[in-house]
Amino acid sequence: MPAASSFDIKRIIRPNILKLEPYRCARDDYSEGILLDANENSYGPVHQARITQSSGGSSLIEAQPDSQQLHRYPDPMGLRVKQRILQLRPSIPSVNNVFLGVGSDEVIDLLVRITCQPGRDSILVTPPTYGMYKVVASINDVGIVKVPLIVEGEDIFQLDVDAVIQSACSDETVKIIWLCSPGNPTGTRLNEADVRRVLESDYRGLVVVDEAYVDFVRADRGESYAKLVAEYPNLFVMQTMSKSFGLAGIRLGIGMGSPELVQYLNNTKAPYSLSTLALDVAKEALSTEGIAKMRQVAASLCQQRDEFLIPELRALPHVAAIIGGNDANFVLCRFVDSNGRVSNEIAKGLYTEMAENRGLVVRYRGGDYGCEGCLRITVGTIEENRVVIDTMRTLLAAIP
């Protein structure tokens, strides 16, 4: 593995980040005892305080128990959550290989900020893919190199591996290759042999695999690429609490990579970026019982996807195919007109009518490369899935 064995993280980190002296939090030093070092409010959450008036007219303030310690700054590293992530992904060597961000979007932004010099460097993406890679690059004045996925045949939505490697190796400004697996909007897990080829190529930058939907992949289709983190120092794997754990509202993203890369991310992030509330919820969700429940719910959603939603969609008029690997908690449905031609008009019209008049919102993806005539439909509850099929059947039956 030439690239992995010779990978030097310092070659891709921006010089100013290499020299950065990170902000030191009060909680980096001490976290127990009478804490008067961080200018917190020692009376606790004031909306819960008991305030009475003394006979002399002054206020007597009695602090109430604060079991969540919300008057204290949170653990800046989220250590207890990281320890539980090791239970979820046991192939990760230690907590030093784990980074926590405010959703995956912050992780994406930080990766670009620590590696790419504005106005000079670039990232490589493989459309159709998650749109935030492009948005973050644009915000940070970073170039974008596009190498499309294969969009036809048996290998639909897999990497054009030779093209990815050639493009990345021939352009020294490319600091990150973004691989979305399972992809959004493709719903397709990338082949392990292809991912390994990219990791073992002569490319000297960082390879990031974004696995937001990994817990919906069937066991026979593969597992998380977190298993490769200890093997490849040039690999960084992203996951999230938003999808399989059902915790989009706490905004917690997970990154797993070499301890050196994680340290640069920690040096750059805001000092108390994750709230105590988010960390407490994540810790509970990542308990042994919480992980078991997540896997049960994910399995149920996959069953609904495979045994109800996909076959029912295929039976509808104007539905040409469910495309992609179906490795996520959504399906990508392609529509055609009466002559069998792929139709953005039907897909867009269906999307608009359902959202504006039927109280049913899916996602139009017909403008994405390789997704012409497509709607992306999330797998809902059993009742929600029935509603989407019944509504679409009625609307599509009215189209000549």
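Data block above holds the structure.
Residues numbered from 1 in each chain as written. Predicted model: local features only at pLDDT ≥ 70, side-chain atom pairs only at ≥ 80, totals over all residues. Heavy atoms only, no water.

### As for the packing of aromatic side chains
So, point 1. Evaluation of the coordinates by the stated rule reveals five aromatic pairs.
So, point 2. Geometrically, the ring pair formed by tyrosine 130 and tyrosine 133 is edge-to-face, given 5.6 Å between the ring centres and 90° between the ring planes.
So, point 3. Three or more aromatic residues link up through ring pairs in this structure, and these residues are Tyr130, Tyr133 and Trp178.
So, point 4. Stacked on the ring of tyrosine 364, the Lys or Arg lysine 348 has its end atom at 5.0 Å from the ring centre.
So, point 5. Taking NZ or CZ as reference, arginine 376 lies 5.5 Å from the ring centre of phenylalanine 330, over its face. (Phe/Tyr/Trp six-rings, centres within 6.5 Å; stacked < 30°, edge-to-face > 60°. Lys NZ or Arg CZ within 6 Å of the ring centre and 35° of its normal.)

### Remarks on the pattern of salt bridges
Two side chains carrying opposite charge are able to pair once their charged atoms lie near each other.
So, point 1. Here the structure, examined in full by the defined rule, presents 22 salt bridges.
So, point 2. Between aspartate 29 and arginine 24 there is a salt bridge, with the nearest N and O atoms lying 2.9 Å from each other.
So, point 3. Accessibility expressed as a relative area gives 53% for arginine 24, which makes it exposed.
So, point 4. Notably, a salt bridge pairs aspartate 306 with arginine 218, separated by 4.0 Å at the nearest N-O pair. One end of the pair, aspartate 306, is in helix α10 (residues 288-314); the other, arginine 218, is in the loop between β7 (206-210) and β8 (235-240), and 88 residues separate them in sequence.
So, point 5. By relative accessible area, aspartate 306 is classed as partly exposed at 30%.
So, point 6. A residue is classified by how much of its surface remains accessible, and arginine 218, at 29% relative accessible area, is partly exposed.
So, point 7. Salt bridges here are not isolated pairs; linked through shared partners, they connect Glu192, Arg196, Glu223, Lys227 and Glu231. (Salt bridge = Lys/Arg side-chain N within 4 Å of Asp/Glu carboxyl O. Buried < 20%, exposed > 50% of the residue type's maximum accessible area, 1.4 Å probe, protein only. Helix = DSSP H or I, 4+ residues; strand = E, 2+ residues; numbered from the N terminus.)

### Observations regarding the side chain of serine 224
So, point 1. Within the secondary structure, serine 224 sits in the loop between β7 and β8.
So, point 2. Look at serine 224 and you get buried, because its relative accessible area is 10%.
So, point 3. Of note is the side chain of serine 224, whose polar atom sits 2.6 Å from the side chain of glutamate 211.
So, point 4. A polar side-chain atom of serine 224 sits 2.9 Å from a polar atom in the side chain of glutamine 239.
So, point 5. Apart from the residues within four sequence positions on either side, serine 224 is in contact with Arg89, Glu211, Val214 and Gln239. (Polar contact = N/O pair within 3.5 Å; in protein donor to acceptor, adjacent residues only side chain to side chain. Contact = heavy atoms within 4.5 Å.)

### Some details on the layout of surface pockets
So, point 1. The space that makes up the largest pocket amounts to roughly 1200 Å³.
So, point 2. Every residue lining the largest pocket is counted, 36 residues in all, and those nearest its centre are Pro74, Asp75, Pro76, Met77 and Gly78.
So, point 3. Those elements that provide at least two residues to the lining of the largest pocket are α3 (79-88), α8 (259-268) and α9 (276-285).
So, point 4. For the lining of the largest pocket, the element with the highest residue contribution is α8, accounting for five residues. (1 Å grid on protein atoms, 1.4 Å probe; cavity = no way out; pocket = protein on both sides within 12 Å on 5 of 7 lines; lining within 4 Å. Points joined across faces, edges and corners; volume = space filled by probe spheres on them.)

### Concerning the pairing of β7
So, point 1. Most of β7 sits out of view: five of its five residues are buried.
So, point 2. Alternating positions in β7 separate into two faces, Leu206, Val208 and Asp210 on one and Val207 and Val209 on the other, with burial throughout.
So, point 3. Across five bridges, strand β6 (residues 174-180) lies against β7 in parallel orientation. What sits directly across from isoleucine 176, in β7, is leucine 206.
So, point 4. Following the chain from β6 across helix α7 (residues 192-199) to the adjacent parallel β7, one finds a crossover that is right-handed.
So, point 5. Across four bridges, β7 lies against β8 in parallel orientation. Paired with valine 209 across the two strands is valine 237, which belongs to β8. (Pairing = 2+ DSSP bridges. Right-handed = clockwise from strand over helix to strand, strands pointing away.)

### Details of the packing of α10 against helix α12 (residues 382-397)
So, point 1. Where α10 contacts α12, the axes come no closer than 10 Å and their chain directions differ by 10°. Judged by the angle between their axes, α10 and α12 are roughly parallel. The segment α10 lies against α12, with Gln304, Phe308, Leu309, Glu312 and Leu313 engaging Ile382, Asn385, Arg386, Val388, Ile389, Met392 and Arg393. (Axes fitted to C-alpha atoms, helices over the stretch in contact; angles between N-to-C directions. Parallel < 35°, antiparallel > 145°, perpendicular 65-115°, else oblique.)

### Digging into the pairing of strand β5 (residues 143-146)
So, point 1. Examined bridge by bridge, strand β4 (residues 122-125) and β5 share four bridges and lie parallel to one another. Looking across to β5, one finds that leucine 124 is bridged to valine 145.
So, point 2. Considered for its hand, the β-α-β crossover made up of β4, helix α5 (residues 132-139) and β5 is right-handed.

### Thoughts on unusual backbone geometry
So, point 1. Residue proline 127 is joined to proline 128 through a cis peptide bond whose omega torsion reads 0°.
So, point 2. Residue proline 185 is bonded to the preceding asparagine 184 through a cis peptide linkage, with omega at 20°.
So, point 3. Mapping proline 185 onto the fold places it in the loop between β6 and α7.
So, point 4. You will see that aspartate 141, though not glycine, has its phi angle at about 55°, which is positive.
So, point 5. Inspection of the secondary structure assignment puts aspartate 141 in the loop between α5 and β5.

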